[in-house]
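# Structure at a glance
Listed below, chain by chain, are the residues.
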Amino acid sequence: MKSGRLLTTVVAPLIALVIAFGIAALALLLVDINPITAYQEMLSFGTSTESLIITVNNALPLFVSALAVGIGFKMGLFNIGVEGAYLIAALFAAYVGAQFSITPILHVSAILLVAAGVGAFWAWMPAMLKVKRGVHEVISTIMLNYIALALSAYLFLNVFRAETAGLTIATDLIPETGWIPSLNPILGWFGIEARAGANLHGFLLIAIVLGIAYHYLVNKSRFGYDLRSSGVNPTAASASGVDPKRMVIRTMLISGALAGLVGIAPLLGFYHQYPQDFPRNFGFNGIAVALLGRNHPVGMAFGALLFGFMQRSSLILDLVSVPKEIVTIIQGIVVLAVVIVYEVISRYVNRRVIAAAAAATDTAPDAPAVAA
Amino acid sequence: MGEAPALQLEGVTKRYPGVVANKDVELTVVDSEIHAVVGENGAGKSTLMKIIYGMVRPDEGTIRIDGEQVSFRTPKEAIDAGIGMVHQHFMLADNLTVLENVILGSEPRSGVMIDFDSAAERIRHLGNAYGLRLDPDQKVESLSVGERQRVEIIKVLYRGARILILDEPTAVLVPQEVTDLFRSCLNLKGEGHTIIFISHKLDEVLAIADHITVMRDGQTVGTTTPSEVDARQLAEMMIGSELPSPETRESTVQEKVLLRVADLSLQSETGRSELDGIGFEVHAGEIVGVAGVDGNGQTQLVDSIIGLRPESTGEITLDGASLKDIPTRERREAGIGLIPEDRHRQGLLLPSPLWENAALGHQAKEPYANGIWIDKRGAREQTEEIVRRFDVMTPNVDVPAAALSGGNQQKLVVGREIMAGPVVLIAAQPTRGIDIGAQAAVWEELKTARAAGMGILLISADLDELIGLSDTIHVLFEGRFVARLDPAEITPEILGSYMTGAGEKKAS
């Protein structure tokens, strides 16, 4: 058992990483670039204090996005709609947050609540469509992404945009009480000094709390048991008393609320308003991170940090005339490789566990997987 | 005879890590005969057939076809050598026609086009020759189970099979279809085909086979003929000892009604009547049996009682309290235990550890839960208790349920339901697909629970089990209770005739 877990949780992703960087190296060789120098550049640039701080910052929205996707995956729900949900939630949160100023903690909490609420509402729609009309959530959430994109652009330009003519088009600035402060002072206690511009987002603490809450909810609670049972065997779950419709709605609401929080780190830690070029793709990359981390909070944290690191370290590549798209390719291959390698290794581990049980009890196992 | 046998296996052995699935198997199948292979589940029949069909390679031993030694690496090679297999679970594409299904993978061509006409002609020809009549242009989704099986048989004949392996072919058929199948088998035999018939229904085997080979613990224990043995002797060869009996002792039925079902009706989405005016009572200390051929409403009856079909009409009360509009979770918590008819579908989380499986259906209650949390320690202790008391063979309670044998999986399910102490236990096919040893253990537990005052609704297709265990038997036919019988005054033959609807008149 022990060695099986080690294989699936540590060895599988490592093999996948080696494969991914190997394939990317071949791609670089094809265009006459020495992969070793490129990787060296990425490593030395990516490991400076500033880069590491930005890596963490980059990872925060990806991590929350992966949590939103992961909880759906756990019960076999594919919420592809995180992308749309977080954009529209961030826009509403930015607008509402700029309307008033109260005590900092309350102000931030209010903004978080708005974001989570809007995200939950956005996921509630596909949940109802699935439960009432049998529309598959992949279809409806993809479509809702387009709607969210168009709706947020419309609302932004016509309703929420600030009147004051500034250099950038954006919503009104959120008063400072609604900002999440940087953690740099705390880094300072440990003797880590970062240059201005590299502020460790305070949202890190919220993300850690969310990760722990996710773990307890999914792996320790009765709700999580029902959720996982529904994912493993829906018919057995409903015979055991799990109401599948209620389960879909609750899970989508939680997933949506998490999705609503995806944009909070950049919004309250950096922009403090919703600009026209508010960062995109956290939702889609979150799916990749969830796959990478096997829906486990620690795995997804590592996955998010890896993506955050690659995103940051790729910036150097342009300077040494390596196309930085190579990093996107690596990210894609990493995900594919992880999925494949994990599948291979977990089959191997399963076979071993089952064979060991059969040996210990001197019986032949009764499972379709073994019969095949 | 003089000629070499159609199929001959000598000393065939197949080992898996920790288990010997087949050991020194000897099997001689004469040309143009129907040869039955019988044995309990786990006796090694499936592995043996997979070896013959080229899906599994033996570690030792020889296989000869018509006297010539062969060694198949893939089913393709076995098919080319004239062996065809009809699986228990059909492998058909529902949305294609009979014709398309039959030729799938070996399409006759004229140029680049598929030659449908000649294929249709051959299918009609095969159908007429062997009494396997089918319309080649009908979609498979509109066919009955018996007709689907015919498609499977035609499929292997189309590929030129001379030796047909039929894996539990009657398990899914109603009696009339079994008769049709047997007629086709005899036709095939008459035309020079050889049939290997795998079954554990001994009456059928005795009716159709020329020779019977019995397997036990991966070995062939002997070959006999129907004229030499009766069903009881055959069963004793299978288990290697005297048959256990399901019989209960004196009545323990009390006055108190635990489950009352009145005028229960249910319609499918298409408006077909699935259950029609079902009514019965289960008293404390009583086992109420429901007999019936699979597919006559058993699934719907169970689902209605546990609340998975809230659209059903009529009244269901548990210990005096109406279950109307009560969701499944609350019904289970109120004391309805369920041993589902298909443990893989409704009873287990195969990839999850045993202790999570033990919690299934009881995850909202102690010792499995503690407030809103799952109590892992409590659950593991309870699971260890189940494993001990119900003799579940497993290295520990952390292995996935998929690692256990069918009998042990079933004992786990039975154990968790009985240990939870339900008011009423629904036991649907509680011993289906498990060894006779495990079967006896399950019977014993049901009897103990009955004596302790539990109400049990026993739904089974095993007539001896029903007659032996039940205090009352209802016969379910096409969604209705057509007869109420006293097990003390009835034989399996009479019960069987009621199950086909034949006895309906006499009952009223």
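Keep in mind that this is a model prediction, so the values were computed, not measured. (Residues numbered from 1 in each chain as written. Chains lettered and ligands numbered in written order. Predicted model: local features only at pLDDT ≥ 70, side-chain atom pairs only at ≥ 80, totals over all residues. Heavy atoms only, no water.)

The number of helices and strands found in chain B is 18 helices and 24 strands. Summarising its shape, the C-alpha atoms of chain B cover approximately 70 × 50 × 50 Å along the three principal directions. Classification of the 508 residues of chain B by burial places 54% in the buried group. If you sum the accessible surface of chain B, you get close to 21600 Å²; carbon and sulfur atoms cover 47% of it. Here chain B holds 50 positive side-chain charges and 77 negative ones, and the gap between their average locations is 3 Å. (Helix = DSSP H or I, 4+ residues; strand = E, 2+ residues; numbered from the N terminus. Buried < 20%, exposed > 50% of the residue type's maximum accessible area, 1.4 Å probe, protein only. Areas by Shrake-Rupley, 256 points an atom, 1.4 Å probe, with all protein chains shown as cover. Lys, Arg positive; Asp, Glu negative; His and termini not counted. Charge placed at Lys NZ, Arg CZ, Asp CG, Glu CD.)

What follows concerns the environment of A:Leu43. Within the secondary structure, A:Leu43 is located in helix H2 (residues 35–46). Sequence separation between A:Leu43 and A:Phe309 is 266 residues; the distance between their C-alpha atoms is 9.3 Å.

This part is about the packing of helix H4 (residues 116–130) of chain B against helix H5 (residues 145–158) of chain B. Residue and element names in this part refer to chain B. Direction vectors running N to C along H4 and H5 enclose 110 degrees, while the axes themselves pass 10 Å from each other. Regarding the angle of H4 to H5, the classification is roughly perpendicular. Seen from above, H4 lies across H5 with right-handed handedness. Residue-level contacts link Ala-119, Arg-122, Ile-123, Leu-126, Gly-127 and Tyr-130 of H4 to Ile-154, Leu-157 and Tyr-158 of H5. Of the residues belonging to the contact of H4 with H5, the class tally is seven nonpolar, one polar and one charged. (Axes fitted to C-alpha atoms, helices over the stretch in contact; angles between N-to-C directions. Parallel < 35°, antiparallel > 145°, perpendicular 65-115°, else oblique. Left-handed = near helix turned anticlockwise from the far one by under 90°. Contact = heavy atoms within 4.5 Å. Nonpolar A, V, L, I, M, F, W, Y, C, P; charged D, E, K, R; others polar.)

Bringing the domain arrangement of chain B into the picture now. Residues and elements named next belong to chain B. Domain assignment breaks chain B into domain 1 (7–239) and domain 2 (257–507). Taken together, the contact pairs five residues of domain 1 with seven residues of domain 2. Buried area between domain 1 and domain 2, both sides added, is near 500 Å², and the carbon and sulfur share of it is 64%. Remark: the boundary between domain 1 and domain 2 carries zero salt bridges. Where domain 1 meets domain 2, there are zero residue pairs in polar contact (both at pLDDT 80 or more). Split by residue class, the side of domain 1 that touches domain 2 holds three nonpolar, one polar and one charged. (Domains from an automatic or database assignment. Buried area = accessible area lost by both parts, 1.4 Å probe. Salt bridge = Lys/Arg side-chain N within 4 Å of Asp/Glu carboxyl O. Polar contact = N/O pair within 3.5 Å; in protein donor to acceptor, adjacent residues only side chain to side chain.)

Residue and element names in this part refer to chain B. Reading across the sheet, the six strands line up as S18-S21-S22-S15-S23-S24 and stay open at both edges, with mixed pairing between neighbours. Unpaired on one side and paired on the other, strand S18 (336–339) and strand S24 (480–485) mark the two borders of the sheet. Looking at each pair of strands side by side, their axes are set apart by 20 degrees on average, direction ignored. Along the sheet, helix H14 (residues 406–419) makes contact with S18 and strand S21 (424–428), crossing S18 at roughly 175 degrees. (Pairing = 2+ DSSP bridges.)

What follows deals with the environment of B:Ile434. All names here are of chain B. Looking at the element boundaries, Ile-434 is found in the loop between S21 and helix H15 (436–451). On the basis of relative accessibility, which here comes to 7%, the residue Ile-434 falls in the buried class. In the structure, Ile-434 is positioned 28 residues away from Asp-462 in sequence and 12 Å away in space, judged by C-alpha atoms.

All names here are of chain B. Within strand S22 (residues 455–460), six of the six residues are buried, which leaves the element mostly enclosed by the surrounding structure. Here S22 shows a buried face lined by Gly-455, Leu-457 and Ile-459 and a second buried face lined by Ile-456, Leu-458 and Ser-460. As judged from the five bridges shared by strand S15 (residues 287–291) and S22, these two strands associate in the parallel manner. Each bridged residue has a counterpart across the sheet, and for Gly-289 the counterpart in S22 is Leu-458. Here S21 pairs with S22 via five bridges, running parallel.

On to the packing of aromatic side chains, then. All chains considered together, the criterion is met by 13 aromatic pairs over all chains. Their ring planes at 65 degrees and their centres at 5.9 Å tell us that B:Phe182 and B:Phe197 sit as a pair that is edge-to-face. A residue pair is termed long-range when its members are at least 10 positions apart, and B:Phe182 in helix H6 (residues 175–190) and B:Phe197 in strand S10 (residues 194–199) qualify at 15 residues. With a relative accessible area of 13%, B:Phe182 lands in the buried category. A connected cluster of aromatic rings, assembled from ring pairs, spans A:Phe156, A:Phe270, A:Tyr271, A:Tyr274 and A:Phe278. Looking at A:Arg294, its charged tip hangs above the ring of A:Tyr342, at a distance of 3.5 Å from the centre. (Phe/Tyr/Trp six-rings, centres within 6.5 Å; stacked < 30°, edge-to-face > 60°. Lys NZ or Arg CZ within 6 Å of the ring centre and 35° of its normal.)

Moving on, we come to the pairing of strand S3 (residues 34–39) of chain B. Residues and elements named next belong to chain B. Where burial is concerned, most of S3 is hidden: six out of the six residues are buried. Along S3, one buried face is formed by Ile-34, Ala-36 and Val-38 and the opposite face, lined by His-35, Val-37 and Gly-39, is buried too. Taken together, the five bridges between S3 and S10 define a ladder with parallel strand orientation. From the neighbouring strand, Ile-34 faces S10, where its bridge partner is Ile-195. Both S3 and strand S11 (residues 211–216) contribute to a ladder of five bridges, which runs parallel. Paired with His-35 across the strands is His-211, a residue of S11.

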